[in-house]
Amino acid sequence: MKNDPVYNIYSCDLCDNDKPVEIECTKLYTDGNPIHVCGNCGFVYVRKRRSSNEIARMWSEEIYGDIYTAVNNPAMISRQTFVTRFLLNEVNINNKTICDIGAGEGLFLKQVLSFKKAKDVFGIEPSKKNCKLLKDQNISHFNGTIEEYLNNKEYKDKKFDIVSIMWTLENCLSCIDMLRGAYDILNENGKIIVATGSRILVPFKKPLFLYLSKNPLDSHSFRFSFNSLKTALAKTSFETIKHNRYIDNDILCIIAQKKERNKEIVFENDNPNKVLDFFNRWHQDTLNYLDHKV
């Protein structure tokens, strides 16, 4: 008989304060399970989480491939194409090595390779099924999490010029640990590109029943605004150098550069009360579209 997974309670990942405030209306869309906002810095996060391996297993075996896949999905293809072109427009990738953390089915790396500019690409991916797809496309990869990759002696000296994290930073145990892992595998002055949904403190882009779900909450432990993503990067010694116009785009995308560790962190806090008000207004707006629920 399989043991029930162990959950732990976490403080705010950005400011380390333990001042969680329930976002009451979210429980209507998550089987009664609360999402919280930090009462100090306004970061939206899930307090109760399982281990990184258990979260990765859930994505690999229960979510990815059935309800979350880029294969033949125009929306997924579109957003990864956006990130590819944004990177190419802002960063010279000529003769650069690129690692994608959470490489999925390899769409982003395949697109990068199609421009024939990068020196080499590499994927870190926990799903065995996805790793088979990467292998079939001749994309070098590591089957496991970023934590497992960092502990694998075979790769201890392997570094990259660019690291990408796309729709993965929000789906792990610790967004800070993942960014620190990205820092560790980057060459000096290397760059990171992070992409996620642009949903917090921006115009409503979908009703809440299409944003939240009844999946276990730690399948999506973090919800980033521009400020909170920029702060997460700053906390892990990355300086934001470019971002897209996220206010009217489904995508929030930031390019940042690796800097010296232990530099002073510039926090770009969100007002917790404004975040709570935002979700309440979002819920009220969602009530207008319940007839469209599918």
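First, a word on what this report is: a plain description of the structure on this page.

**Side note on the sheet that holds strand 7 (residues 120-125)**
Across the sheet, seven strands lie side by side as 8-7-6-9-10-13-12; this open sheet has mixed pairing. Since the sheet does not close on itself, it has two edges, and those belong to strand 8 (140-143) and strand 12 (238-243), each with one partner. Neighbour to neighbour, the strand axes of the sheet diverge by 20° on average, direction disregarded. By the bridge criterion, six bridges tie strand 9 (residues 160-166) to strand 10 (residues 186-197) in an arrangement that is parallel.

**Considerations on helix 6 (residues 175-184)**
When you tally the buried positions in helix 6, you get seven out of 10 residues, the bulk of the element. Buried residues of helix 6: C175, I176, M178, L179, G181, A182 and Y183, and no others.

**Considering the packing of aromatic side chains**
The full count for this structure, using the stated rule, is 19 aromatic pairs. On the numbers, 5.9 Å between centres and 10° between planes, the contact of F43 with F222 is stacked. Here F43 is found in the loop between strand 3 (36-38) and strand 4 (44-45), whereas its partner F222 is found in strand 11 (residues 222-223), with 179 residues between them in sequence. The class of F43 is buried, set by a relative accessible area of 0%. A network of ring pairs unites the aromatic residues F122, F142, Y149, Y155 and F160 as a single cluster.

**A closer look at the environment of E62**
Looking at the secondary structure, you find E62 in helix 1 (residues 52-63). Put simply, E62 and D120 are 58 residues apart on the chain and 31 Å apart in space, counted from C-alpha to C-alpha.

**Comments concerning the packing of helix 6 against helix 8 (residues 226-235)**
Each pair of packed helices can be summarised by the angle the axes make with each other and by the distance between the axes. At their nearest, the axes of helix 6 and helix 8 sit 9 Å apart, and the two run at 55° to each other. Taken together, the axis directions place helix 6 and helix 8 in an arrangement best described as oblique. Handedness of the helix 6/helix 8 crossing: right-handed. Packed against helix 6, whose contacting residues are I176, L179 and R180, the element helix 8 presents A232, L233 and K235 at the interface. Tallied by class, the residues present in the contact of helix 6 with helix 8 amount to four nonpolar, no polar and two charged.

**Focus on the sheet that holds strand 3**
Pairing is antiparallel across the open sheet formed by four strands, whose spatial order is 2-3-4-11. A single partner strand is all that each edge strand has here, and the edge strands are strand 2 (20-22) and strand 11. As paired strands, strand 4 and strand 11 are joined by two bridges and run antiparallel to one another. Bridging from a neighbouring strand, V44 pairs with R223 of strand 11. The strands that helix 9 (residues 272-286) touches are strand 2, strand 3 and strand 4; relative to strand 3, the one it contacts most, it runs at about 155°.

**Looking at helix 9**
Its 15 residues give helix 9 an end-to-end C-alpha distance of 21 Å, which sits within 8% of 21 Å, the value for a rise of 1.5 Å per residue. Among the residues of helix 9, those classed as buried are P272, V275, L276, F278, F279, W282, H283 and T286. Mapping the buried residues of helix 9 onto a view down its axis gives an arc of 155°, with all of them on the same face. Those residues of helix 9 that are exposed and aimed more than 90 degrees away from the buried face are N273 and K274. Of the surrounding elements, those touching the buried residues of helix 9 are strand 2, strand 3, strand 4 and helix 7 (208-211). The N-cap residue of helix 9 is N271: its side-chain oxygen and the backbone nitrogen of N273 are 2.8 Å apart.

Criteria and cut-off values
Residues numbered from 1 in each chain as written. Predicted model: local features only at pLDDT ≥ 70, side-chain atom pairs only at ≥ 80, totals over all residues. Heavy atoms only, no water. Pairing = 2+ DSSP bridges. Helix = DSSP H or I, 4+ residues; strand = E, 2+ residues; numbered from the N terminus. Axes fitted to C-alpha atoms, helices over the stretch in contact; angles between N-to-C directions. Buried < 20%, exposed > 50% of the residue type's maximum accessible area, 1.4 Å probe, protein only. Phe/Tyr/Trp six-rings, centres within 6.5 Å; stacked < 30°, edge-to-face > 60°. Parallel < 35°, antiparallel > 145°, perpendicular 65-115°, else oblique. Left-handed = near helix turned anticlockwise from the far one by under 90°. Contact = heavy atoms within 4.5 Å. Nonpolar A, V, L, I, M, F, W, Y, C, P; charged D, E, K, R; others polar. Expected span 1.5 Å × (residues − 1). Arc of directions from axis to C-beta. Polar contact = N/O pair within 3.5 Å; in protein donor to acceptor, adjacent residues only side chain to side chain.

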